[in-house]
Amino acid sequence: MASVGECPATVSVKDKKLLEVKLGELPSWILMRDFSPSGIFGAFQRGYYRYYNKYINVKKGSISGITMVLACYVLFSYCFSYKHLKHERLRKYH
Amino acid sequence: MNENLFASFAAPTILGLPAAVPIILFPSLLIPTSKYLINNRLITTQQWLIQLTLKQMMTLHNTKGRTWSLMLISLIIFIATTNLLGLLPHSFTPTTQLSMNLAMAIPLWAGTVATGLRLKTKNTLAHLLPQGTPTPLIPMLIIIETISLFIQPMALAVRLTANITAGHLLMHLIGAATLALSTISLPMTPIIFTILALLTILEIAVALIQAYVFTLLVSLYLHDNT
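Everything numeric in this text was worked out from a predicted model, so none of it was measured.

About the cut-offs
Residues numbered from 1 in each chain as written. Chains lettered and ligands numbered in written order. Predicted model: local features only at pLDDT ≥ 70, side-chain atom pairs only at ≥ 80, totals over all residues. Heavy atoms only, no water. Helix = DSSP H or I, 4+ residues; strand = E, 2+ residues; numbered from the N terminus. Buried < 20%, exposed > 50% of the residue type's maximum accessible area, 1.4 Å probe, protein only. Areas by Shrake-Rupley, 256 points an atom, 1.4 Å probe, with all protein chains shown as cover. Core = buried A, V, L, I, M, F, W, Y, C linked by side-chain atoms within 4.5 Å. Contact = heavy atoms within 4.5 Å. Buried area = accessible area lost by both parts, 1.4 Å probe. Salt bridge = Lys/Arg side-chain N within 4 Å of Asp/Glu carboxyl O. UniProt positions renumbered as here; feature names shortened; annotations may be inferred. Phe/Tyr/Trp six-rings, centres within 6.5 Å; stacked < 30°, edge-to-face > 60°.

Section: the overall build of chain A
Assigned secondary structure in chain A consists of four helices and zero strands. For chain A, the α and β elements follow one another from N to C terminus as α-α-α-α. By the burial criterion, 15% of the 94 residues in chain A qualify as buried. Surface accessibility of chain A: about 8,100 Å² in total, with carbon and sulfur atoms responsible for 66%.

Observations regarding the nonpolar core
Residues and elements named next belong to chain B. Judged by nonpolar contacts, the single largest core of 25 residues is most densely connected at Ile79, Met104, Leu156 and Phe214. Breaking this core down by element, the ones donating at least two residues are α3 (41–58), α5 (69–85), α6 (98–119), α8 (138–184) and α9 (189–225). Broken down by element, the residue count for this core peaks at seven residues, all from α9. Once residues within four sequence positions are removed from consideration, Met104 is found in contact with Leu75, Phe78, Ile79, Thr95, Leu160 and Phe214. If you look at the next biggest cluster of nonpolar residues, it comprises seven residues, including Ala20, Ile23, Leu30 and Phe92.

A short note on the interface of chain B and chain A
The extent of an interface is frequently quoted as the accessible surface area lost upon association of the parts. Taken residue by residue, the interface counts 22 residues in chain B and 20 residues in chain A. For the pairing of chain B and chain A, the buried interface totals around 1,800 Å² over both sides, and the portion due to carbon and sulfur atoms is 69%. It is B:Asn40, B:Arg41 and B:His90 in chain B that bury the most area against chain A; as a group they hold 32% of the surface buried on that side. Where chain B packs against chain A, one counts zero salt bridges.

Things to note about the UniProt feature "transmembrane region" (unreviewed entry) in chain B
Residue and element names in this part refer to chain B. Taken from the UniProt record, the annotation "transmembrane region" (unreviewed entry) applies to residues 6–31, 67–86, 137–158, 164–184 and 191–222. Along residues 137–158 one finds 95% helix and 0% strand; the C-alpha atoms at either end are 31 Å apart. Between the first and last C-alpha atoms of residues 191–222 the distance is 46 Å; the span itself is 100% helix and 0% strand.

Quick notes on the packing of aromatic side chains
How two aromatic rings sit relative to each other is given by the distance of their centres and the angle of their planes. Enumeration over the complete set of coordinates arrives at eight aromatic pairs over all chains. Each ring, one from A:Tyr48 and one from A:Tyr49, has its centre 5.3 Å from the other, and the planes form 75°; the classification is edge-to-face. Plain terms: the ring middles of A:Tyr73 and B:Phe26 are 4.4 Å apart, the flat faces sit at 10° to each other, and that makes the pair stacked. In this pair, A:Tyr73 sits in helix α3 (residues 64–80) while B:Phe26 sits in the loop between α2 (20–25) and α3, so the two residues belong to two different chains. The exposure classification of A:Tyr73 matches that of B:Phe26, with both residues buried. Ring-pair connections join several aromatic residues into one group, and the members of that group are A:Tyr48, A:Tyr49 and A:Tyr52.

Right under this line is the structure:
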């Protein structure tokens with residue numbers, strides 16, 4: 001793995017974070033990601049712990065840690081039920 | 001209106017695949033575990049609540065019955081969180097599906113009956129006949145008691161389904177009525193809206209109470225049989 005102070009030319013594309021990848025390298029970066037089941041599970045796990053350690057696992061966690069999750073859940077459910085909801089809009093022609 | 005009213009209870013699908021499984025697993029994300037003694041506020045609150053429930057529910061049982069504590073506490077946590085999450089707008093509540101409630105009720109009830117038959121066979125069979133019945137009535141009463149025994153899982157499942165479904169349906173209807181009334185006669189709208197607010201508070205209570213009742217009944221059947 002490349003260390004922090006190393007010259008950018010020697011860091012391989014595969015190990016870069018998303019915001020450090022140049023636009024031209026983006027397709028090759030996406031193709032080099034690990035899309036196996038264990039890779040996808042690892043991505044979910046990393047995402048979960050990133051959120052958990054930032055908002056919940058702190059000394060004085062507030063209620064916003066959970067309410068953000070619930071708000072995302074509401075949005076997600078709205079997307080799912082959009083198909084049924086679009087018939088209930090106040091329009092003349094549906 | 002008819003199709004729309006029950007459409008929210010249909011199981012969600014992504015391109016025909018059942019998407020109910022991630023939704024059923026979602027409450028587990030909200031209840032983290034920890035290996036430390038002193039935790040963040042979320043885990044501390046949840047552990048405190050769980051200990052409160054545990055003490056209230058399991059003091060009734062003897063040693064054999066207390067081996068069921070993990071099962072009963074996870075049951076009440078699951079039903080309570082699922083019911084409460086179902087009160088959020090547009091969300092899908094798995095406990096409105098009779099299939100899921102039957103899947104929860106039948107194995108648990110059968111477990112208590114099997115435990116009773118195995119540990120205290122004579123006692124369990126003796127429960128089929130109340131004390132002091134006149135002799136001619138005995139055959140009929142045994143049949144009645146057996147039927148009431150077999151109806152227990154059905155009653156557990158249907159009670160939970162019906163309560164939660166009815167609550168959601170009432171909220172949909174009164175919400176739609178509030179919206180419709182706001183165009184017809186504006187002074188009536190605050191009254192109907194107050195009804196909606198009260199109903200929401202009731203639903204929160206019902207969500208918790210139903211979880212409690214389900215678990216309590218299972219634990220009663222267990223107490224009977226250990």
